[in-house]
Amino acid sequence: MFSDIQSHWTKASVLAAAGQNILKGYPDGTFRPDAPVTRAEFAVIIYTSLALKQASSRPGVTFKDVPPNYWAAKAIDQAYQTNYLSGYPNSSFKPNQIISRVQALTALVSGLKYGATIEPINTLKKYYTDFENIPNYAIGAIAAATEKGIVVNYPDIQLLRPNQSLTRGEIAAFICRIIEIPTVPFQYIPGRELFVISPQFDQADSFSQGLAPVQKDNKWGYIDKSGKFVIPPKFEEANAFSKGWTLVRENLK
């Protein structure tokens, strides 16, 4: 679909997000996965993927630098009302300001109402070698995002790089983690504990929503994280679960 993502690590996430009309490319056929994301662009992505489906939690406000006819005005208003984004003390929104990774993750946690269940600093010290670079205001939010498994660190899973600019490819990966589309390799998701299942299957795919499709004796079924079959092998084909659904093919002969 896009000419510049063929070898990019976010290719699967970009294609999945584009397939759901969450992200769009450019007229020249590129996606520009390493390009930074502005606050206005982030608001639009949030609007199309998350905020459009949520009830407002606070009334809208007027930002002096977002006129009614601004291209992202509706998305900014909805992202504000659903508590993903806020403005600045001088009643500005700064729509063209580049958003950082820590700002983006904090915004997502705020709108999704995620909360940390264990001491935040312990989580950060455990998973990030650069945890000291996380601003104080974001400590709880990043811990919550880590617990929920929506943080994606590439190529080093232990480097959060909180103050670097968020890229278009990265936001695609974040959104796919939130809406449970399994496109991000496990080795780039901090906070996911490894577990071991002894070799016993002919083929196996990734876990999604606690289940993994596996093949045994030429039939596919689903196991839980202990390796026990939840759905016995009976399908000709089986895909990963997403949003509680999966696509399977069964031979009815």
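Since the model is a prediction, treat every value here as computed from it, not as a measurement. The numbering scheme is per chain: residues are counted from 1 as the chain's sequence reads. Per-residue local features of the predicted model are confined to residues with pLDDT of at least 70, and side-chain atom pairs are confined, for both listing and counting, to 80 or more; whole-chain, interface and lining totals are unaffected and use all residues. To obtain the side-chain values, all non-hydrogen atoms of the structure were included, while hydrogens and water were left out.

**Structural notes on the overall build of the protein chain**
Secondary structure counts use DSSP, requiring at least four H or I residues in a row for a helix and at least two E residues in a row for a strand, with both numbered from the N terminus. Counting secondary structure elements, the protein chain contains seven helices and six strands. The globule rule used here is 2.2 Å times the number of residues to the 0.38 power, and the radius of gyration it is set against is calculated over C-alpha atoms. Taking 253 residues into account, the globule formula puts the C-alpha radius of gyration at 18 Å, and the protein chain, at 20 Å, falls close to it. Note on classification: 1.4 Å probe, protein chains only; a residue is buried when its accessible area is under 20% of the maximum for its type, exposed when over 50%, partly exposed between these limits. The proportion of buried residues among the 253 residues of the protein chain is 44%. Exposure was quantified through the Shrake-Rupley algorithm and a 1.4 Å probe, taking into account, for residues, occlusion by the shown protein chains and nothing else. With an accessible surface of roughly 13,200 Å², the protein chain has 52% of that area assigned to carbon and sulfur atoms.

**Considering the environment of Ser 226**
Summarising the element assignment, Ser 226 is placed in the loop between β3 (219-223) and β4 (229-235). With relative accessibility at 57%, the residue Ser 226 sits in the exposed group. Sequence separation between Ser 226 and Thr 123 is 103 residues, and the spatial gap between their C-alpha atoms is 25 Å.

**Brief notes about the packing of helix α5 (residues 120-127) against helix α6 (residues 139-148)**
At their nearest, the axes of α5 and α6 sit 8 Å apart, and the two run at 65 degrees to each other. You can see that α5 and α6 cross each other, and the crossing is left-handed. Only Ile 139, Gly 140, Ile 142, Ala 143, Thr 146 and Glu 147 of α6 make contact with α5, whose side of the interface consists of Pro 120, Ile 121, Thr 123, Leu 124 and Tyr 127. Note that Gly is not counted as nonpolar here; it falls among the polar residues with everything else outside the nonpolar set of Ala, Val, Leu, Ile, Met, Phe, Trp, Tyr, Cys and Pro and the charged set of Asp, Glu, Lys and Arg. Its residues placed into classes, the contact of α5 with α6 shows seven nonpolar, three polar and one charged. Between the N-to-C directions of two axes lies an angle of 0 to 180 degrees, each axis being a line fitted to C-alpha atoms and, for a helix, fitted only over the stretch in contact. Working rule for handedness: look at the near helix, and if it is turned counterclockwise from the far one by less than a right angle, call the crossing left-handed; if clockwise, right-handed. A contact between two residues is defined here by any heavy atoms of the two lying within 4.5 Å.

**Structural notes on the packing of aromatic side chains**
Only Phe, Tyr and Trp rings are paired, with Trp represented by its six-membered ring, and only when their centres lie within 6.5 Å; those with planes under 30 degrees apart are stacked, over 60 edge-to-face, the remainder tilted. Per the stated rule, a full pass over the model turns up eight aromatic pairs. Relative to Tyr 80, the ring of Phe 63 lies with its centre 5.7 Å away and its plane at 80 degrees, an arrangement referred to as edge-to-face. A residue pair is termed long-range when its members are at least 10 positions apart, and Phe 63 in the loop between α2 (39-49) and α3 (73-81) and Tyr 80 in helix α3 qualify at 17 residues. The class for Phe 63 is buried, based on a relative accessible area of 8%.

**A short note on the nonpolar core**
The criterion is simple. A nonpolar core is a set of buried Ala, Val, Leu, Ile, Met, Phe, Trp, Tyr and Cys residues joined through side-chain atoms within 4.5 Å. Counting residues in each nonpolar core, the largest one holds 64 residues, and the members touching the most others are Phe 42, Ile 76, Leu 108 and Ile 142. Every element with two or more residues in this core is listed here: α1 (11-19), α2, α3, α4 (101-112), α5, α6 and α7 (168-178). In this view, Ile 76 contacts Ala 40, Ala 43, Phe 63, Val 66, Tyr 70, Phe 93 and Pro 95; residues no more than four positions away in its chain are not counted. With six residues, the next largest nonpolar core counts Leu 211, Tyr 222, Ala 238 and Phe 241 among its residues.

**Section: the side chain of Thr 146**
Residue placement: Thr 146 occurs in helix α6. Definition of a polar contact: a pair of N or O atoms within 3.5 Å, with one able to donate and the other able to accept a hydrogen when the atoms are protein atoms, and with sequence-neighbouring residues admitted only if both atoms are side-chain atoms. Looking at Thr 146, its side chain comes within polar contact range of the main-chain oxygen of Ile 142, at 2.7 Å. Those residues in contact with Thr 146 that sit more than four places away from it in its chain are Thr 123, Tyr 127, Tyr 128, Val 151, Pro 190, Gly 191 and Arg 192.

**Re α1**
Every buried residue of α1 is listed here: Ser 13, Val 14, Ala 16, Ala 17 and Ala 18. Against α7 lie the buried residues of α1. Of the residues one or two after α1, Asn 21 is the one with positive phi, at around 60 degrees.

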